[in-house]
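# Summary of structural features
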Amino acid sequence: QSEQNEEERTRSVPALPNLLLREIVVALVLMASILVVSMLFNAPLGDKANPGLSPNPTKAPWYFMGIQEMLLHFHPVFALFVIPALLLIALFALPYMHYEANTAGVWFASAKGRKMAFAAATAALIGTPIAILLDEYLIEVAVRLPTIPTWISNGMVPFVLLLAAVAAFCVFMKRKYAASNTEAVQAVFVLFLVAFAILTVTGIWFRGTGMKLVWPWNIGTL
């Protein structure tokens, strides 16, 4: 009986029409939802563009806001080149890494992988805002050490601290959960993904005049 149940769970079905019908339903629901929202709420358009007067703050489109937020915490060389380049290299390297099991198409690999993904998301949700607040109000390496070039004080130093924190998180997760390489890679990916989402949300809703941290309801009053 157990072998029969296992066989039923692992039985594959044709993508057409099983997967295609589900994708069409999801697409139709999404388009209907967007249509309803567009009918109920006006588009948040600002004033006409004025080449002689830039708005304060001047923000990038939402899909670049995570990078713009990083510019407030890292030297431009690291925020615009080093960190994005390393992330792209890591993404390209993912298929070539050694994995203990073939989990292609399987989210979070295992029950343990799901627990690690939840722990990584929680760590990013807590750690990223704390890091933003510390850098905004307490940590001023460039001010305290004016003789050191800014690419070191505001670039290399926070970058090394970031790498050390990620490495410590990866080692901790592997030891705590006795995780495989697959599960550890997933946890680090979730950590970066959620952290970048927090940076994007912070840049969109928590940055006011002069890109200072404010509550969202106070942005228009500064």
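Presented here is an overview of the structure given in this document. This structure is a prediction, so every number in the text was calculated from the model and none was measured.

The rules we used
Residues numbered from 1 in each chain as written. Predicted model: local features only at pLDDT ≥ 70, side-chain atom pairs only at ≥ 80, totals over all residues. Heavy atoms only, no water. Helix = DSSP H or I, 4+ residues; strand = E, 2+ residues; numbered from the N terminus. Buried < 20%, exposed > 50% of the residue type's maximum accessible area, 1.4 Å probe, protein only. Contact = heavy atoms within 4.5 Å. Salt bridge = Lys/Arg side-chain N within 4 Å of Asp/Glu carboxyl O. Core = buried A, V, L, I, M, F, W, Y, C linked by side-chain atoms within 4.5 Å. Phe/Tyr/Trp six-rings, centres within 6.5 Å; stacked < 30°, edge-to-face > 60°.

### Focus on the overall build of the protein chain
Counting secondary structure elements, the protein chain contains 8 helices and 0 strands. When its helices and strands are written in sequence order, the protein chain yields α-α-α-α-α-α-α-α. Looking at the 222 residues of the protein chain, the share that counts as buried comes to 24%. Sequence separation of at least 24 residues holds for 72% of the intrachain contacts in the protein chain that already meet a minimum separation of 6.

### Brief notes about the pattern of salt bridges
Any two side chains of opposite charge can pair if their charged atoms end up close together. Under the criterion given, the structure shown has 2 salt bridges. Taking the shortest distance from any N to any O, the salt bridge between Arg207 and Glu69 comes out at 2.7 Å. Of this pair, Arg207 sits in the segment after α8 (181–205) while Glu69 sits in helix α3 (residues 65–71), and the two are 138 residues apart along the sequence. Note that Glu136 is salt-bridged to Arg207, the shortest N-O span being 3.1 Å.

### What to know about the nonpolar core
Grouped together as the largest cluster of nonpolar side chains are 14 residues, with contacts concentrated most on Ala120, Phe169, Ala187, Val190 and Val194. Where this core is concerned, the elements lending two or more residues are α5 (111–137), α7 (150–177) and α8. For this core, the leading source of residues is α8, giving 6 residues. When near neighbours in sequence (up to four residues on either side) are disregarded, Phe169 contacts Ala120, Ala123, Ala187 and Leu191. Grouped together as the second largest cluster of nonpolar side chains are 10 residues, Phe74, Phe78, Phe159 and Leu199 included.

### Details of the packing of aromatic side chains
Applying the stated criterion across every chain, the model contains 4 aromatic pairs. Measuring from ring centre to ring centre gives 5.0 Å for Tyr63 and Phe64, while their planes differ by 65°; the resulting arrangement is edge-to-face. Judged by its relative accessible area of 48%, Tyr63 falls in the partly exposed class. According to the relative accessible area criterion, Phe64 is partly exposed, its value standing at 45%. Both rings, one in Phe78 and one in Phe159, keep their centres 5.4 Å apart while their planes meet at 45°; by these two values the pair is tilted. Of this pair, Phe78 sits in helix α4 (residues 76–93) while Phe159 sits in helix α7, and the two are 81 residues apart along the sequence.

### A few points about the environment of Ala111
Locating Ala111 in the fold gives a position in helix α5. Between the C-alpha atom of Ala111 and that of Glu183, which follows or precedes it by 72 residues, the distance is 9.9 Å.

Don't take any of this as a statement about function, it's just geometry.
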